[in-house]
Structures are given as C-alpha cells and as structure tokens.
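# Structural characterization, general
What follows is each chain in one-letter form.
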Amino acid sequence: MRLPDYVFTSLICLPAAFANLLGPSYPPPRDLSSSHSRVAASWKNLTSQLNTVLTDNKSNKTSGVYALKNLTFSAGLFSTLDPKAKDLQFHHTASEVANSPVGVRKVDGNSIYKVASVSKLFTVLAGLIELKPRDWDRPLTDIFPFLAEHVREQHDNFRLVYDVQWDKVTLKSLAGQMSGIPHGATEEFLQIFLAYKYLEGSHDPALTDPNYYGLPPLNEMSWDKANAIRPPVFLPWASPEYANGGYIFLGLAISNLTGKTMDEWYNDSIFEPLGLKSTYSSTPDNSTRSHAVTSEALDAQFIPDGGVTNPSGGLFSTINDLSKLGVALLNSTLLPSEKTREWMKPVTHTSSLRYSVGSPWEIHRYIHAGSGVVTDLYTKLGDSGFYGGIMVVIPDFHAGFTLLGASAQASRSSQALLAIDLIVDAILPALMEQAAAEAAQKFAGTYKAEDLNSSLTLTAVPPTQPAPGLNITSWISNGTDITDLVPVLFGDIGSRLVPSIVSETASGEIAFRGYTATQGRNPGVGSSSSLFSSFYDINDWTMLDQLTWGGIATSLFVFDVEENGAVKSVTPGAYRVKMVKE
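The sections below set out a description of the structure shown in this document. (Residues numbered from 1 in each chain as written. Predicted model: local features only at pLDDT ≥ 70, side-chain atom pairs only at ≥ 80, totals over all residues. Heavy atoms only, no water.)

## Some thoughts on the overall build of the protein
Helices and strands together make up the secondary structure of the protein, namely 19 helices and 21 strands. At a minimum sequence separation of 6, the contacts of the protein that also span at least 24 residues come to 68%. Element-wise, carbon and sulfur atoms account for 53% of the exposed surface of the protein, whose accessible area totals about 25,800 Å². (Helix = DSSP H or I, 4+ residues; strand = E, 2+ residues; numbered from the N terminus. Contact = heavy atoms within 4.5 Å. Areas by Shrake-Rupley, 256 points an atom, 1.4 Å probe, with all protein chains shown as cover.)

## Quick look at the side chain of Q434
Within the element layout of this structure, Q434 appears in helix α17 (residues 412-442). Of note is the side chain of Q434, whose polar atom sits 2.9 Å from the backbone nitrogen of R38. Among the polar contacts listed, one links the side chain of Q434 to the side chain of E438, at a separation of 2.8 Å. Every residue in contact with Q434, bar those within four places of it in the chain, is listed here: P29, D31, H36, S37, R38 and V39. (Polar contact = N/O pair within 3.5 Å; in protein donor to acceptor, adjacent residues only side chain to side chain.)

## Looking at the pattern of salt bridges
Tallying each qualifying case throughout the model produces 15 salt bridges. With a shortest N-O distance of 3.4 Å, K578 and D560 are connected by a salt bridge. Of the two residues, K578 sits in the loop between β20 (567-572) and β21 (579-581) while D560 sits in strand β19 (residues 556-561), which places them 18 residues apart along the sequence. The class for K578 is partly exposed, based on a relative accessible area of 48%. Residues joined by salt bridges that share partners form a network here, namely E130, K260 and D268. (Salt bridge = Lys/Arg side-chain N within 4 Å of Asp/Glu carboxyl O. Buried < 20%, exposed > 50% of the residue type's maximum accessible area, 1.4 Å probe, protein only.)

## Observations regarding the pairing of strand β8 (residues 374-384)
Relative to β8, strand β7 (residues 362-367) runs antiparallel, the two being bridged by six bridges. Among the inter-strand pairings, I367 is bridged to a residue of β8, identified as V374. Counted along the chain from β7 to the antiparallel partner β8, the turn is six residues long, and its residue G370 has a positive phi close to 90 degrees. Between the end of β8 and the start of strand β9 (residues 387-394), which pair antiparallel, lie two residues, with G385 showing a positive phi angle near 60 degrees. (Pairing = 2+ DSSP bridges.)

## Overview of the side chain of S295
Assignment of secondary structure puts S295 in the loop between α12 (262-274) and α13 (299-302). Among the polar contacts listed, one links the side chain of S295 to the backbone nitrogen of L298, at a separation of 3.1 Å. Non-local contacts of S295, meaning those with residues more than four positions away in its chain, are made with E96, S100 and V102.

## Some remarks on unusual backbone geometry
With an omega dihedral of 5 degrees, the bond running from S359 to P360 counts as a cis peptide bond. Unusually for a residue other than glycine, S332 sits at a positive phi of about 55 degrees. By the element assignment, S332 lies in the loop between α15 (319-331) and α16 (337-343).

## Quick word on the packing of aromatic side chains
Under the criterion given, the structure shown has 16 aromatic pairs. Ring-pair connections join several aromatic residues into one group, and the members of that group are F122, W265, Y266 and F271. (Phe/Tyr/Trp six-rings, centres within 6.5 Å; stacked < 30°, edge-to-face > 60°.)

## Considerations on a nonpolar patch on the surface
A surface patch of nonpolar side chains, about 460 Å² in accessible area, is lined by F158, L160, V161, Y162 and L235. Its location among the elements puts L160 in the loop between α6 (145-154) and α7 (171-175). (Patch = residues over 30% accessible without salt bridge, like charges linked within 9 Å, V, L, I, M, F, W, Y side chains within 5 Å.)

## Some remarks on the pairing of strand β11 (residues 445-448)
In the sheet, β11 pairs with strand β12 (residues 455-461) via four bridges, with the strands oriented antiparallel. In the strand pairing of β12, T446 is matched with T457. Between β11 and β12, which pair antiparallel in sequence order, lie six residues. Pairing between β11 and β21: two bridges, direction antiparallel. Counterpart to K448 in the pairing with β21 is V580.

## Things to note about the environment of S25
For S25, the position within the fold is in the loop between α1 (5-11) and α2 (38-54). For the pair S25 and F397, spaced 372 residues apart in sequence, the C-alpha to C-alpha distance is 9.8 Å. Contact partners of S25, with chain neighbours within four places excluded, come to V373, M432, P468, G469, R496, L497, V498 and P499. At a separation of 3.2 Å, a polar atom in the side chain of S25 contacts the side chain of R496.

In structure tokens form, the structure reads like this:
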C-alpha cells in the first residue's frame, strides 16, 4: 500500500517525541483475588507483615508501623470485574476497643465507624441525583432569601476583603472547595439563619424550625456573635480552600430545594438503592451498638448527632458498605456513565503537581516506578477527632479500596495515613502488573484475516519499561509488510497501543489507540527553560486522531472481547479488515 504524498507532507511537521496519554496502559485486570493474582499475592504479603508486627507483644517499638497497634482499623479492596476482591480485607482491633465494655470487641467488614469527611462524598453524590443540573449554578442568595437580604444590607458598606459575596457563591463552588468562604463558616451561616428567623411563616418544618436541623438554643451572647461575620479567605473561584462549612450550606440547600430532610434524601438517593444497611446519616440507634467501633472514650464523638453538620462529616458506615458504594460509582449505578466521568475529573489544581481537587475528590497522582506512567487516585479522606478513613477509587483499574479507623490517641491521624500509604504502595504496582499479565495472556499473539493475506502480531510491553502497553511486532496488510511503516502511521517513532474506550464491563468492543511513548526529552520539575519549546514533547493529546483514511484514524484498533475476557479478534479501523486471534 502506498500512502498519498500529502500524508507524508503532514507527517514531517509532527514532533519527535510525546508523553504518555492520561489513562490506563492495559485493560483493567479481571483477577484480583485468585491465588494466581499479583494483587492477591501483594495483599497477602502486606497483611502477613502487618499481622507479624501487630501481634508482636514482645517488641517495645512504638514508632512507624508498630504505632498501628494503637489504631483500630478495617481495610478492604473492591473491583467491578472481580466480585471476590471484596474478600481481601484486613482488620485490627486495638486494646482500646477490644477491652471496651461498649461496642464491638473485634472489628470486621460490618463494623460501624464514624467516617468523618468521607461523608462529603455521599453528600455530593446525593446532590447530583436529587438536584436539577441548573441548581448547581444557582447562587446561595437565590436559594436562601435571607442571605440575599443580608447582602443588600451590606451593599453600602461592602468591603471585598471582609465581606463574603454570597450572591457569587454557588453549590458548584461549594462542592469543589472553590467558594472562598471561611473554613468554619458554619457559625456565621447558622447565626444569620436564626437572626433572620428564616421563612418564619412557612409551613414546612424543614425550612422553619432550627431544632429540625439539630441546632442548639442560643443565648444572648450567641446572638451577639452573629454580628462577628468572618471575612472570606478567597474570592469565589479564585483558589481551592477546604471549607467544612461549605458542605453544611450544600446539605441545607439540598433539603431546601427537594423539600426532604437530610435523612430522607440520603436514604432515597443512595442508601436504599445500593442496599447500604449499615450506613447512617445520623447516629445509629442502640440496636447497632454491638457493631459500633467505640469505647467509653470514643463515645464522646460517636454518640452526639452532628445535626446540620452531618453532610460535612457526620455519617457512619462500614468498609463493606463503602465497597458497595465504590463498585456503584465505577459501574455508574446511580448516575449516567457520562455524568460519572464528568464528576470524576479535577475542578482545580493545587500548587502541587501531584495533587488536584474535585467535587469533593482529593486527586492524588501516583507515578509508577520504571515506566513513569501516571495513575490518578480519586479519593475522599476523612480525618476528624477520634475517627477517620478514606475511599479510594481507581478508574484505570476499575478497582479501589477503603479504610476506616478509630483511636482516642492524638496520633490517630498519622497512623491512619501510614496505613493508607502501605496499602497504596502494595496494590498500585500489583494492579499494574496484573493488568499487564492479563494483557499478555489475552491480547498478545497473532491475528489473521480469513479471506486476505493480512495479519497482526502483538506483544505486551511489561510495566517496568518506559512504554507499557501492546506493541506491534509484525503487520501484514493484504500481502504487504507494513511493520516498518507503523511509526509513520502513528505519527512518530513508536508502535504502542493503549486502551482508549473501555466499557464498565470491559467486554464487547474495546478501542485501543496507537501512539508514541515518552522519549525522555521533557524538562524536569522546576525547569522553565523549555516550557513552550517542549510543548509537543508532553502534549501528545493535541496530535491524536489526525492521520486518517476514509475518515477513520490509522491509529484506531478495535478488539472484540467476550464476557469472560477472551479476545476474539481485532480490526484496524482504517484498514477495515477483521483479523481473528489464533
């Protein structure tokens, strides 16, 4: 086959090197739990080491991993493609809980923890389900008229650096931590709420009775404090700033706009549809006491109902229920798939190149050793007082993990973060290795057309090399060997294929795209000498899908994958010929 001259003319203008695309290097792994899985082996190795340390009563060490002895915690994996992944769990019961006269004596997957700010994940998801899309762009003054009155009263004396622009703060800015309101704006909002006796004539108790929100009565000193309005931290949409108060606004707004109580909209949108039987939006009753992770000391924070603050950090759950939620998020069970993908994207950067912010995601960028491939971890951390935990969703692998912990010790937070790091360092490389192993088994090999002399041979590049994925080692098209032309067809010097469109079930038709790999020409962190001259070295996304034949890119390869993961055939899109796997 001879390419037209204009094709070659366009190719000589292309850059010499690209970076990795955002997304997976291989299709997501289907086996996380069997005795043959790298993930199960890594999990077993980690938990065996933890067991050794945490049951060592002879050692006097109290730092590092040994400090986890004082943390009661539960952790577990989940996967949309391997239901048995949820059985990969680890639990440790510190003496504080084990010897307590109240609550559970030995934690397991059904033990109930307070989840702190993991609650924010439930709140945004419920809002996405319950609210209309246009509601997210409505200013708070449109939802709460008393705030509009407050803004009008400020008008003549308004000072940008001292007064919150409530008419510019939207639900979307609150969810994305971009409202600029004070970190603890709760008090300000609630004081104004009562000072204006909001909607006094309404017949809806969800909007008129402060006690309905769990608010305590206020004395005269408290009323006076209503005038001490705190200044904003940033202007709306200027810079991310973690504000718990924003989620109290968000929870009240959802109740206002739906006419439901908080318990009702959590239950209607999430708890009931997903069958989360051990997840609560207010303090669970005494019937659950035998499953509660608490003690005489922990009860001080476990028992009190957070009332209006629950959307920010007052929910209760188990790792089994959180795993159900994680699978539901990845499967788009409660939202349309395009809405899930839109939601699981950054809202803003931080000053760190490894960390971005979503709604309410804290997005950590894990860099794999050897390949330099980036895997984004969509997480929500909870960290408050005696309780904390995390939900980690990893879209590239259709998997994730959860951890919940409790301790009355001041070191509870640092211990929980250490446990999370240990899990990340154990399973992220293992997930990549398992995905590579499955790709080698299922996708690598030779494919042949039935009626033409056309064939394609693929190998799997291991994840320890700079360009993991599938590699084209031989390509015959209608009797012509075009193997050496593959770099030209992809626009550069590589021949790498990576997944670009994979369904939630990872079966049916899966699209791969061919493109080139990182060549090491990118400037280092902190270097600005070639910030723009290296543009095409690191922005391969700008060049995708440009070289086409008959309207289909020469870089498109479509694989037919059965429900069990077996690969039947591949079709290079522009060549319009199906080749069956031998």
